[in-house]
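# Topology and contacts: notes
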Amino acid sequence: MALSSRLAAAESRSRPRGGERGAAAAVLARGVVTSYLGLVVLIPLAALLWRSAASGYDRFVSTVTSPEVLASIQLTILLSLGTTALNALAGTLIAWVLVRDSFPGKRLVDSVIDLPFAIPTVVAGLTLLALYGPRSPIGVDVAYTKAGVGLALLFVTLPFVVRSVQPVLLEMDREVEEAAASLGASGAETFRRIVLPSLLPAILSGASLGFARSLGEFGAVVLISGNVPFRTEVVAVTIFGRVESGDVGGAAVISVVLLLLSGLVLLMTDGLRRWRLVCDG
Amino acid sequence: MSITVDRVSKRFERFQALKEVSLEVPSGSLTALLGPSGSGKSTLLRVIAGLETPDEGEVSIGGERVTHLPPQKRGVGFVFQHYAPFKHMTVWENVAFGLKVRRLPKPEIHRRVRELLELVQLEGWAKHYPSQLSGGQRQRMALARTLAVEPSVLLLDEPFGALDAQVRSDLRRWLRRLHDEIGVTTVLVTHDQEEAMEVADRIAVMHQGRIEQTGMPSEVYDHPESEFVMAFLGRVNRLGGALIRPHDVSILSRPTPGTREAMIERVVHLGFEVRVEMLLGDGSPLCAQLSRDEAAFLDLRQGRIVYVDVGAGRTFEPSQLHRAAS
Ligand SMILES: Nc1ncnc2c1ncn2[C@@H]1O[C@H](COP(=O)(O)OP(=O)(O)O)[C@@H](O)[C@H]1O
């Protein structure tokens with residue numbers, strides 16, 4: 001989110017320069033960008049669509065509506081929604097504490113937030129299994145349960161909301177809150193009427209990125225979930241299973257569903273970004 | 001309502017921003033806190049508003065001690081230099097904020113907001129967002145928002161500091177008229193002596209966390225009690241230990257007892273007035289200001305030798321503060 005809005009800002013700043021060399025360079029640049037995007041993103045996507053379409057409409061429908069696939073799609077969406085909501089709350093709180101409080105070790109905590117982004121997700125999964133698995137040193141065993149899957153998703157998506165809310169809080173003018181106070185608003189009222197509305201776009205866009213990430217998460221989940229069909233199997237794992245068992249067409253069909261979901265979320269994020277630009281304008 | 005500040009001190013980490021400051025703001029007055037940047041004006045205003053807690057001393061509003069009341073309970077209106085608009089709300093919602101917080105009935109809110117928007121001449125802008133307003137309009141919106149809650153005192157922190165010269169002087173005059181109309185006790189922070197002289201009926205001059213002098217504008221200008229106040233409130237010449245204002249320097253064509261010889265370096269025409277820049281015999285510069293007619297009568301020209309009377313110059317006992325500083 002932060003990146004995309006920065007990109008938008010850069011876009012509006014950089015005006016095309018005149019001159020023939022400039023024009024030629026622009027054409028070249030456009031060509032390179034188009035081919036690169038095509039190679040890396042569009043062609044694989046097209047291949048995927050082609051692959052799923054090759055299996056035909058009936059096959060598509062029967063694959064998607066098979067009880068196992070439906071269950072895993074449902075589980076994935078529900079868990080993603082739940083963890084996203086939880087992380088929206090916790091992430092906002094953490095960002096608040098990191099910006100407004102000062103305590104020893106704050107910088108350390110601040111850098112630890114990015115850990116889920118920095119370490120390989122399988123490693124994260126393994127760590128979670130060691131910590132909350134059958135041999136848990138703290139006596140909490142959630143391995144092979146929905147709670148375990150939720151935990152893994154919470155872990156990998158934690159930074160999204162924190163990192164999207166933090167800069168907004170940093171830039172927020174303290175005088176605005178003081179103005180509200182001098183107008184008679186209590187702390188809670190100031191938060192609800194002034195602070196929260198200013199943070200909401202950032203919270204929602206961070207949350208939607210986290211949601212998109214949860215939908216497709218594989219590495220962190222695969223170990224702790226145990227992949228019990230109808231109980232703990234998420235979509236990404238279902239797809240992997242189909243490929244493993246040689247059903248590449250089926251895998252492609254499920255992938256397309258996942259793709260559509262993610263695309264929808266990204267569209268929403270973009271809408272939020274525009275809304276936020278309007279608010280800040 | 002009157003404001004009383006009694007021996008208030010405030011320290012930020014290692015910096016003593018206020019040193020036993022006492023101030024009386026009479027009910028219904030428009031008092032300016034005037035001083036250079038960093039002299040503690042804003043801190044004092046924020047202490048009155050309850051946005052800062054003093055380390056020592058008391059603040060009373062209308063005779064009631066408010067030192068330990070939060071800003072919500074003080075009935076003060078505070079206007080910030082950078083307007084502090086609620087960006088996600090329209091002009092209408094901004095002005096209505098304090099009334100909504102007070103849970104006033106809707107028709108009442110509508111009536112009050114309409115009146116206030118009229119008062120600050122923003123009737124046509126109710127549905128706009130603060131980002132669509134000019135600086136001057138934003139500040140008027142902020143003022144309307146503050147006046148909406150009918151504060152017993154109005155505190156303005158460099159309200160025109162971020163505006164350009166023309167808008168600034170318009171708003172100044174407008175504020176003065178507004179004050180005459182509604183008569184709410186007002187404290188205005190400014191570092192601009194002209195602004196203070198123009199709008200305020202009382203001025204408190206601040207310097208290094210203390211109030212050096214309080215009085216009517218003419219009092220502080222004509223009878224400064226310290227060198228700092230004299231120098232801060234207008235141009236001065238320094239002759240040895242004495243200070244004299246340019247318009248108190250008399251220029252004569254012939255020497256008389258007590259006059260000193262000076263050579264005219266430059267004559268600057270400033271419309272109705274003429275500024276004469278001179279060098280005294282000992283090489284020190286001296287500046288005089290007189291009317292165009294006087295200058296023409298004396299036939300002042302560059303290079304001429306004239307005789308100046310600087311007997312109106314004033315010397316100040318170094319105050320404790322200055323002795324401590326040197
Ligand atoms: N919250 C704060 N923390 C630390 N120092 C502060 C704070 N507020 C003001 N100061 C310091 O106090 C001094 C007086 O500030 P201020 O009252 O804003 O002066 P003025 O309004 O006259 O420019 C300044 O040197 C400023 O750096």
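As a reminder, the structure under discussion sits directly above these lines.
Quick look at the structure, then. Note that this is a predicted model, so its numbers are computed, not measured.

## Some thoughts on the interface of chain B and chain A
Many analyses report the size of an interface as the accessible area lost when the parts associate. Chain B puts 24 residues into the contact, and the matching count from chain A is 19 residues. Both sides together, the interface formed by chain B and chain A hides about 1800 Å², and carbon and sulfur atoms give 61% of it. If you sort the residues of chain B by the area they bury against chain A, Gln72, His88 and Phe97 of chain B come out on top, with a joint share of 28%. Our enumeration of links across chain B and chain A arrives at two salt bridges. Between Glu189 of chain A and Arg103 of chain B there is a salt bridge; the shortest N-O distance is 3.4 Å. At the level of elements, strand E6 (76-79), helix H2 (91-101) and helix H4 (135-147) of chain B are the ones that each hand at least two residues to the side of chain B that touches chain A.

## Remarks on a nonpolar patch on the surface
There is a patch of nonpolar side chains on the surface, built from Val33, Tyr36, Leu37, Leu39, Val40, Val41, Leu42 and Ile43 of chain A and spanning about 800 Å² of accessible area. By the element assignment, Leu37 of chain A lies in helix H2 (residues 20-54).

## Considering the site of the ligand
All names here are of chain B. Every residue near the ligand is listed here: Phe12, Phe15, Ala17, Pro36, Ser37, Gly38, Ser39, Gly40, Lys41, Ser42 and Thr43. The contact in question runs from an oxygen atom of the ligand to an N or O atom on the backbone of Ser39, over 3.1 Å. A distance of 3.0 Å separates an oxygen atom of the ligand from a polar backbone atom of Gly40. Out of a free accessible area of 560 Å², the ligand has 62% covered by protein chains. When contributions to the shell around the ligand are tallied by element, the ones reaching two or more residues are strand E2 (15-25) and helix H1 (41-49). It is H1 that contributes the most residues to the shell around the ligand, three residues altogether. Within the shell around the ligand, the residues separate by chemical class into four nonpolar, six polar and one charged.

## Considering empty space enclosed by the protein
Residue and element names in this part refer to chain B. Scanning the model with the defined rule gives two cavities of 30 Å³ or more in all. Size it by volume and the largest cavity reaches roughly 60 Å³. Surrounding the largest cavity, Val79, Gln139, Arg140, Leu143, Leu156, Pro159, Phe160, Leu171, Trp174 and Leu175 form its lining. The set of elements that each furnish at least two residues to the lining of the largest cavity consists of H4 and helix H5 (165-182). Volume-wise, the second largest cavity comes out at about 30 Å³. Lining the second largest cavity, in full, are Leu30, Leu154, Leu175, Leu178, His179, Ile182, Val184 and Thr186. No other element matches H5, which puts four residues into the lining of the second largest cavity. Tallied by class, residues from the lining of the second largest cavity come to six nonpolar, two polar and no charged.

Reading the values: the criteria
Residues numbered from 1 in each chain as written. Chains lettered and ligands numbered in written order. Predicted model: local features only at pLDDT ≥ 70, side-chain atom pairs only at ≥ 80, totals over all residues. Heavy atoms only, no water. Contact = heavy atoms within 4.5 Å. Buried area = accessible area lost by both parts, 1.4 Å probe. Salt bridge = Lys/Arg side-chain N within 4 Å of Asp/Glu carboxyl O. Helix = DSSP H or I, 4+ residues; strand = E, 2+ residues; numbered from the N terminus. Patch = residues over 30% accessible without salt bridge, like charges linked within 9 Å, V, L, I, M, F, W, Y side chains within 5 Å. Areas by Shrake-Rupley, 256 points an atom, 1.4 Å probe, with all protein chains shown as cover. Near = heavy atom within 4 Å. Polar contact = N/O pair within 3.5 Å; in protein donor to acceptor, adjacent residues only side chain to side chain. Nonpolar A, V, L, I, M, F, W, Y, C, P; charged D, E, K, R; others polar. 1 Å grid on protein atoms, 1.4 Å probe; cavity = no way out; pocket = protein on both sides within 12 Å on 5 of 7 lines; lining within 4 Å. Points joined across faces, edges and corners; volume = space filled by probe spheres on them.

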